[in-house]
Amino acid sequence: MTRSKVTVVGAGNVGATAAQRIFDKGYADVVLVDIVDGLPQGKALDILESGPVSGSDASIVGTNSYEETAGSDVVVITSGIARKPGMSRDDLLLTNMKIVTSVVNEVVAQSPDTVLMPVTNPLDAMAQRAHQVSGFPKNRVVGMAGILDTARFRTFLAMELNVSVESIDAWVLGGHGDSMVPVVGSTLVGGQPVSKLIPIDRLDAIVKRTQDGGAEIVNFLKTGSAYYAPSAAIVQMVESILFDKKQALPCTAYLEGEYGIDGLFVGVPVKLGSNGVEEVIEFELTDDESAALKRSADAVRELVEVMDNAGG
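Okay, so let's go over this structure. Computed from a prediction, not measured in an experiment: that's the story for all the values here.

Parameters at a glance
- Residue numbers here run from 1 along each chain, matching the order of that chain's written sequence.
- In keeping with the model being predicted, local features are shown solely for residues with a pLDDT of at least 70 and side-chain atom pairs are shown and tallied solely at 80 or more, while totals for entire chains, interfaces and linings include all residues.
- In computing side-chain values, all of the structure's heavy atoms are included and hydrogens and water are not.
- A pocket here means an open set of points on a 1 Å grid, computed over the protein atoms alone, that has protein on both sides within 12 Å along at least five of seven lines. A cavity is instead a set of points where a 1.4 Å probe fits but cannot get out; residues with an atom within 4 Å of a point line either one.
- Grid points are joined across faces, edges and corners, and a volume is the space filled by probe spheres set on the points.
- A helix here means a DSSP run of H or I that spans at least four residues, while a strand means a run of E at least two residues long, and both kinds are numbered starting from the N terminus.
- Note on residue classes: Ala, Val, Leu, Ile, Met, Phe, Trp, Tyr, Cys and Pro are nonpolar, Asp, Glu, Lys and Arg are charged, and everything else, Gly too, is polar.
- For this analysis, a nonpolar core means a set of buried residues of the types Ala, Val, Leu, Ile, Met, Phe, Trp, Tyr and Cys, connected via side-chain atoms within 4.5 Å.
- Burial status follows relative accessibility: with a 1.4 Å probe on protein chains alone, a residue under 20% of its type maximum counts as buried, one over 50% as exposed, and anything between as partly exposed.
- The contact definition used throughout considers only heavy atoms, calling two residues in contact when any of these lie within 4.5 Å.
- Expected span, for any helix, means 1.5 Å times one less than how many residues it has.

### Digging into empty space enclosed by the protein
Under the criterion given, the structure shown has one cavity of 30 Å³ or more. Reported here for the largest cavity is a volume of approximately 40 Å³. Residue lining of the largest cavity: Ala 145, Gly 146, Asp 149, Val 172, Leu 173, Gly 174, Met 180, Thr 252 and Gly 267, and that is the complete set. When residues of the lining of the largest cavity are traced back to their parent elements, those giving at least two are α6 (146-161) and β7 (172-173). Of the residues belonging to the lining of the largest cavity, the class tally is four nonpolar, four polar and one charged.

Here it is in structure tokens:
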């Protein structure tokens, strides 16, 4: 079979774990890129040597340059500084803007037809930046955030109700930050509206925990941030693109009027296939949810303006 090719830029915890998960599946050859000499090479070799055990014949190479990334079907961008306790995702803005700008220039030169998947925080602003720098059409830049936020929301609901996570149909929209919008109005558990199953005060607490989900883990770890759930979310998106699954997934996409938002990357439901974002799916929001989504978009727009004013 002809394998797909996936590049993961950034060999820290998120990038290396995503690379490992993709390698384990065996359907794609992986290139792991990092500026730290030896780090991607060592991690890639370690992952490669797991192949005989996991049953993967895929290849994985680590590199400090971009030549090996040529012809990638998907490029996942995780590089940047990570959050530390007390930092918001937005505190990372200008440092990570410079890193993402450099990375996008490099990968686009090698893979002009790829789909870019920014993961670096603050996510929505970095997706906007990747779109600006790459010059790509909007469908070929798609950020990973909503799947992770939704997974956290579903996890907490499943814990509360003692049901399978697979029984919970939920969406988290908006920016990947404190203003994200878990869409309670359309959340179903076994076909039942969640509002009929959980009292409003408990639901509010679960929404708040979802919004603070990343910070909760940062506070436990102290020296890093989440990577197991983020890497799993990356792989779900990669597979929907590589296999043209056209899954409906919450992703960060460029809006041109949908949900009343224009010219901005924000988390919304999309149909994700081989062309990247093949459709933005619009569904009914309550007035409160719609207002919350607008506020979330405004928070993203502020970051984009800061970047633009910084010489972006």
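The discussion continues.
### Some details on the nonpolar core
Among the nonpolar cores identified, the biggest contains 77 residues, and Val 76, Leu 116, Ile 234, Val 238 and Leu 272 are the most heavily contacted of them. Not counting chain neighbours up to four residues away, the residues in contact with Leu 116 comprise Val 75, Ile 77, Val 104, Val 107, Val 108, Ala 130, Ser 134, Phe 136, Arg 140, Val 141 and Val 142. Formed by 14 residues, the second largest nonpolar core is a distinct cluster that contains Ala 158, Ile 168, Ala 170 and Val 207.

### Looking at helix α4 (residues 93-110)
With 18 residues, α4 extends 26 Å from end C-alpha to end C-alpha; this agrees with the ideal 26 Å at 1.5 Å per step. Residues of α4 that are buried: Leu 93, Asn 96, Met 97, Val 100, Thr 101, Val 103, Val 104, Val 107 and Val 108. Elements in contact with the buried residues of α4: β1 (4-9), β4 (74-77), β5 (115-118), α5 (123-134) and α10 (287-309).

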